[in-house]
Amino acid sequence: SPLFWGFSVDWHLFLAFLLKRFSKEYALSVYRYARKYSFFLEKPLEAIRMLHEFPDGKRRNVLAALSNLCKYLGCYEDWRRLLHNGGIKWCIEDSSRHFIHRLTANSLKSIFKWIRLVKRRVPELSLFVDFTALTGLRFVEAVSSWNLIIRLSCEKRLSEYYDEDLKILKHYEFSHIFIRKGKKVFISFIQPAIVYEISGKETLTEPKIQRKLQKKGLSLKFGELREMWASIMTRYLTEAEIDALQGRIGSSIFMQHYFNPVLIMDLQQRVLRGQMELMLSLIHI
């Protein structure tokens, strides 16, 4: 095995280390990048030069992989100092330029075209696509929520997860699924009719969905569905509220400031108005 600052890497143990912390898909991605670019830790000057030349997306992936590898090896502080001294940042592109690009990319038109193709070519995924679009969940979270609705409904325990009065999926009640180390989600607002329609469907897996789409020549654009949700919700919610509902804040902050009985109904009503706009768009695709 190669040596990194005197450490020998057992790649099987490193993969096990990743699988304990991340989803299988993300862990394997980190593992592949770490193996491919592990030589950076032996050649710091070459590493700094190449990292400066990488596009932002690739740089983030390589940095994430090598940072996790260094945590596993116990040399993370050395790695951080190397990046700092080399002037390496995770994302060089400034946020204003990225925002302008997003505004001019006509992304809503593109994602609605993708939804239309999925509904036409893979109609059995229509409801799942609607559910993901209406909740703004990450792909992994949407699959987990979909399957949990079906399982609990079969067990006559759906009320443990779905509050019909508040129209809330209580992800926080199943923290082992939805409140992960890196990514989390606490609640989602959704109308009862959709939840009860899901309860009569079959369970799904990420690979199964991917195969169905690939068979029809379609790519996965669930990340763009999530971005579409956030874009449309800016007409009804503040940026902080969108961050809260998409899980970009801490658990204590969410429970203290957003899951307030006095405020939750106002938040619910505004989210449902945004969902109504989305629903009308989805119906007329």
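Look a little higher up for the structure.
Residues numbered from 1 in each chain as written. Predicted model: local features only at pLDDT ≥ 70, side-chain atom pairs only at ≥ 80, totals over all residues. Heavy atoms only, no water.

(A) Local environment of the packing of helix H8 (residues 126-135) against helix H9 (residues 139-154). For the pair H8 and H9, the least separation of the axes is 10 Å and the interaxial angle reads 115 degrees. Note on packing geometry: the crossing formed by H8 with H9 is right-handed. In this structure, H8 contributes Leu127, Phe128, Phe131 and Thr132 to the contact, and H9 contributes Phe139, Ala142, Val143, Ser145, Trp146 and Ile149. (Axes fitted to C-alpha atoms, helices over the stretch in contact; angles between N-to-C directions. Helix = DSSP H or I, 4+ residues; strand = E, 2+ residues; numbered from the N terminus. Left-handed = near helix turned anticlockwise from the far one by under 90°. Contact = heavy atoms within 4.5 Å.)

(B) Broad picture of the sheet that holds strand S3 (residues 162-163). Strand order in the open sheet formed by three strands is S3-S4-S5, and the pairing between neighbours is antiparallel. A strand with exactly one partner marks an edge of an open sheet, and here the two such strands are S3 and strand S5 (187-189). In the sheet, S3 pairs with strand S4 (residues 168-170) via two bridges, with the strands oriented antiparallel. Residue pairing in the sheet places Tyr162 in a bridge with Leu169 of S4. (Pairing = 2+ DSSP bridges.)

(C) Broad picture of the packing of aromatic side chains. Evaluated as defined, the whole model comprises 23 aromatic pairs. Ring geometry for Phe39 against Phe40: centres 4.8 Å apart, planes inclined by 80 degrees, an arrangement best described as edge-to-face. For Phe40, a relative accessible area of 0% puts it in the buried group. Ring geometry for Tyr162 versus Tyr196: centroids 6.3 Å apart, planes at 90 degrees, classification edge-to-face. Of this pair, Tyr162 sits in strand S3 while Tyr196 sits in helix H11 (residues 192-198), and the two are 34 residues apart along the sequence. Among the residues examined, Tyr162 registers a relative accessible area of 4% and is labelled buried. (Phe/Tyr/Trp six-rings, centres within 6.5 Å; stacked < 30°, edge-to-face > 60°. Buried < 20%, exposed > 50% of the residue type's maximum accessible area, 1.4 Å probe, protein only.)

(D) Region of the structure containing a nonpolar patch on the surface. A grouping of Met276, Leu280 and Ile283 is seen on the molecular surface, where their side chains present a nonpolar patch of about 310 Å² in accessible area. Locating Met276 in the fold gives a position in helix H16 (residues 261-283). (Patch = residues over 30% accessible without salt bridge, like charges linked within 9 Å, V, L, I, M, F, W, Y side chains within 5 Å. Areas by Shrake-Rupley, 256 points an atom, 1.4 Å probe, with all protein chains shown as cover. Salt bridge = Lys/Arg side-chain N within 4 Å of Asp/Glu carboxyl O.)

(E) Region of interest: the pattern of salt bridges. For the structure on display, the rule yields 14 salt bridges. For Asp130, the salt bridge identified is with Lys119, shortest N-O distance 2.9 Å. Of the two residues, Asp130 sits in helix H8 while Lys119 sits in helix H7 (residues 107-121), which places them 11 residues apart along the sequence. The exposure class of Asp130 is buried, given its relative accessible area of 15%. Among the salt bridges present, the one from Glu241 reaches Arg270, with a minimum N-O distance of 2.7 Å.

(F) Quick look at helix H2 (residues 24-37). Helix length check: H2, at 14 residues, gives a terminal C-alpha distance of 20 Å against a target of 20 Å (1.5 Å per residue), a fit within 8%. Ala27, Val30, Tyr31, Ala34 and Tyr37 are the residues of H2 that are buried. Burial along H2 is one-sided: seen end-on, the buried residues are contained in an arc of 155 degrees. Opposite its buried face, H2 presents the exposed residues Lys24, Arg32 and Lys36, each directed more than 90 degrees away. For H2, the secondary structure elements touched by its buried residues are helix H1 (11-19) and helix H4 (56-73). (Expected span 1.5 Å × (residues − 1). Arc of directions from axis to C-beta.)

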